[in-house]
Amino acid sequence: MINVVLLGTGNVATHLFRAFAATENVRVRQVYNHSETSLSFFSNKTAVTTSLDDLFEADIYLIALKDDVIAETAQQLSGRKGIVAHTSGGSSIEVLDSCDRRGVFYPLQTFSKQKTLDYSQIPFCIEAGTGEDLELLRAMAGPISGKAYEINSPQRKRLHLAAVFVCNFVNHLYAVGETICQEGDMPFEILQPLIQETAHKIISDSPRDVQTGPAIRNDKSTIKAHLDLLQDPENKEIYHLLTKAIQTFHGKKL
C-alpha cells in the first residue's frame, strides 16, 4: 500500500483523489489546502488539514497546487522522509531541490471537476531523483493507468507546450466556432461530427498528412469571403494568422 498526502483541491487534485480511491494499492491518507472551505469535498472521505505542520507521514507528498507556489511549499516539506512530487507539466523537478527525495507525477490530460474520465487512458509522465523513487512513482501510476512514461524536465516542458496547442488553443477555437454558429442562429452540435472525425483521423495519420481546408488549397476567394464575414477584429487576426501558418508549414504561397 502506497500512502499519499495530497496537497491541493483543484481539478487535478480532485481527479487524482477519485482515481486513487478506486484502487486498492494507493491510499490518500490526508488532503491539504490553505482554505478550509475548499476541503469540504474531501472532509468526509479522508483526513484534511489547513496546516503544513500537521501533515501525516506518507510515502509520497503529491503537490497539485499552482506552479508559483510549488517551490515554496516544497521548502516547507524539506524535512519529510517521503518523496515530494509535483503534478505540473510546466515546472521542472529542480523546483523541488530543497527536498532530499523529489519527483514529478504529471497526468497529461485536461481536467474539469464535473467531467468523468477514464483514468486508464491517461498517460502519466514521471521523473525522480533516483531509480528507486522512479519505480515508486511508477507503482503509484500502475493501478490507475498502464501508461507511465519516464519523461525528463526538458521533455516535459516541451510536451506541455504541445499540449497547450492541441488542447487549450483548439478549445478556444471551438468557442469561436460556437459563437459564429450562435450569431447565425445555428446549433453548435452541427459541427460535432466534424470535430470528432478530425480528432479520429490523427490517431492513425500524422496531422500534417490530413490537413484540409481553404488555406492548404490556397482558395483565395473563400479566404477573403471568410475574412469579410468575421466582424471581431481578434478573430479576423486569428483566421489570417492560422491561414498563413498552414500555408507556410505546407510550403504554399499566399
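## Describing the overall build of the protein
Thinking step 1. Per the secondary structure count, the protein includes eight helices and eight strands.
Thinking step 2. Its C-alpha atoms give the protein principal-axis dimensions of about 65 × 35 × 30 Å.
Thinking step 3. Counting across all 254 residues of the protein, residues that qualify as buried make up 36%.
Thinking step 4. Considering only intrachain contacts with a sequence separation of at least 6, the fraction spanning at least 24 residues in the protein is 53%.
Thinking step 5. About 15100 Å² of surface is accessible on the protein, with carbon and sulfur atoms providing 52% of the total.
Thinking step 6. Taking the 25 positively charged and 30 negatively charged side chains of the protein as two groups, their mean positions are separated by 5 Å.

## Let's talk about the pairing of strand E2 (residues 26-32)
Thinking step 1. Burial analysis of E2 places five of its seven residues in the buried class, the great majority of the element.
Thinking step 2. Relative to E2, strand E1 (residues 2-7) is paired through six bridges, and the arrangement is parallel. Paired with Val-4 across the strands is Val-28, a residue of E2.
Thinking step 3. Regarding topology, helix H1 (residues 11-21) serves as the crossover connection from E1 to the parallel E2, and that connection is right-handed.

## Section: the sheet that holds E2
Thinking step 1. What the eight strands build is an open sheet, ordered E3-E2-E1-E4-E5-E6-E7-E8; its pairing is mixed. Of all the strands in the sheet, just strand E3 (47-49) and strand E8 (148-150) have a single pairing partner and so form its edges. Each adjacent strand pair in this sheet contributes to an overall mean axis angle of 25°, direction not counted.
Thinking step 2. Two strands pair when backbone bridges link them, and strand E6 (residues 102-107) and strand E7 (residues 124-128) are joined in this way by five bridges, in the antiparallel orientation. The partner of Gly-103 across the bridge, within E7, is Ala-128.

## What about unusual backbone geometry?
Thinking step 1. The phi torsion at Asp-185 lies on the positive side, around 60°, for a residue other than glycine.
Thinking step 2. Backbone geometry places Asn-218, a non-glycine residue, at a positive phi of 55°.
Thinking step 3. With respect to the helices and strands, Asn-218 occurs in the loop between helix H6 (214-217) and helix H7 (220-229).

## Here's the deal with the nonpolar core
Thinking step 1. One finds Leu-6, Phe-20, Leu-62, Phe-105 and Met-140 to be the most contacted residues of the largest nonpolar core, which totals 29 residues.
Thinking step 2. Secondary structure elements with two or more residues in this core: E1, H1, E2, strand E4 (60-63), strand E5 (83-86), E7 and helix H3 (131-141).
Thinking step 3. Among the elements that make up this core, the one with the highest residue count is H1 (five residues).
Thinking step 4. Residue contacts for Leu-62: discarding those within four places in its chain leaves Val-4, Val-5, Leu-6, Leu-7, Leu-16, Phe-20, Ala-85, Thr-87, Phe-105 and Met-140.
Thinking step 5. Counting 14 residues, the second largest nonpolar core, distinct from the first, contains Leu-52, Ala-58, Ile-70 and Cys-99.

## Quick notes on the environment of Thr-222
Thinking step 1. Residue position: Thr-222 is located in helix H7.
Thinking step 2. Of note is the side chain of Thr-222, whose polar atom sits 2.8 Å from the side chain of Asp-219.

## As for the pattern of salt bridges
Thinking step 1. Counted by the stated rule, this structure contains seven salt bridges.
Thinking step 2. For Glu-127, the salt bridge is made with Arg-156, and the minimal N-O distance between the two is 2.8 Å. Here Arg-156 lies in helix H4 (residues 153-183) and Glu-127 lies in strand E7, a separation of 29 residues in the sequence. As far as burial versus exposure is concerned, Glu-127 and Arg-156 are alike and both buried.
Thinking step 3. Measuring nitrogen to oxygen at the nearest pair gives 3.8 Å for the salt bridge that ties Arg-217 to Asp-219.

## Quick look at the side chain of Thr-73
Thinking step 1. Its place among the elements puts Thr-73 in helix H2 (residues 70-76).
Thinking step 2. Within the structure, Thr-73 has its side chain in polar contact with the backbone oxygen of Val-69 (distance 2.7 Å).
Thinking step 3. Residue contacts for Thr-73: discarding those within four places in its chain leaves Leu-7, Leu-52, Ile-63 and Leu-65.

## A look at the packing of aromatic side chains
Thinking step 1. Considering all chains together, one arrives at six aromatic pairs under this definition.
Thinking step 2. Taking the centre distance of 5.0 Å and the plane angle of 90° together, the rings of Phe-41 and Phe-42 count as edge-to-face.
Thinking step 3. Residue Phe-41 is classed as partly exposed on the basis of its relative accessible area, which comes to 31%.
Thinking step 4. Centroid distance Phe-105 to Phe-124: 4.8 Å. Interplanar angle 35°. Geometry classified as tilted. Pair noted here: Phe-105 is in strand E6 and Phe-124 is in strand E7, with a separation of 19 residues, a long-range link.
Thinking step 5. The exposure class of Phe-105 is buried, given its relative accessible area of 0%.
Thinking step 6. Since its relative accessible area comes to 1%, Phe-124 is described here as buried.

Conventions and cut-offs
Residues numbered from 1 in each chain as written. Predicted model: local features only at pLDDT ≥ 70, side-chain atom pairs only at ≥ 80, totals over all residues. Heavy atoms only, no water. Helix = DSSP H or I, 4+ residues; strand = E, 2+ residues; numbered from the N terminus. Buried < 20%, exposed > 50% of the residue type's maximum accessible area, 1.4 Å probe, protein only. Contact = heavy atoms within 4.5 Å. Areas by Shrake-Rupley, 256 points an atom, 1.4 Å probe, with all protein chains shown as cover. Lys, Arg positive; Asp, Glu negative; His and termini not counted. Charge placed at Lys NZ, Arg CZ, Asp CG, Glu CD. Pairing = 2+ DSSP bridges. Right-handed = clockwise from strand over helix to strand, strands pointing away. Axes fitted to C-alpha atoms, helices over the stretch in contact; angles between N-to-C directions. Core = buried A, V, L, I, M, F, W, Y, C linked by side-chain atoms within 4.5 Å. Polar contact = N/O pair within 3.5 Å; in protein donor to acceptor, adjacent residues only side chain to side chain. Salt bridge = Lys/Arg side-chain N within 4 Å of Asp/Glu carboxyl O. Phe/Tyr/Trp six-rings, centres within 6.5 Å; stacked < 30°, edge-to-face > 60°.

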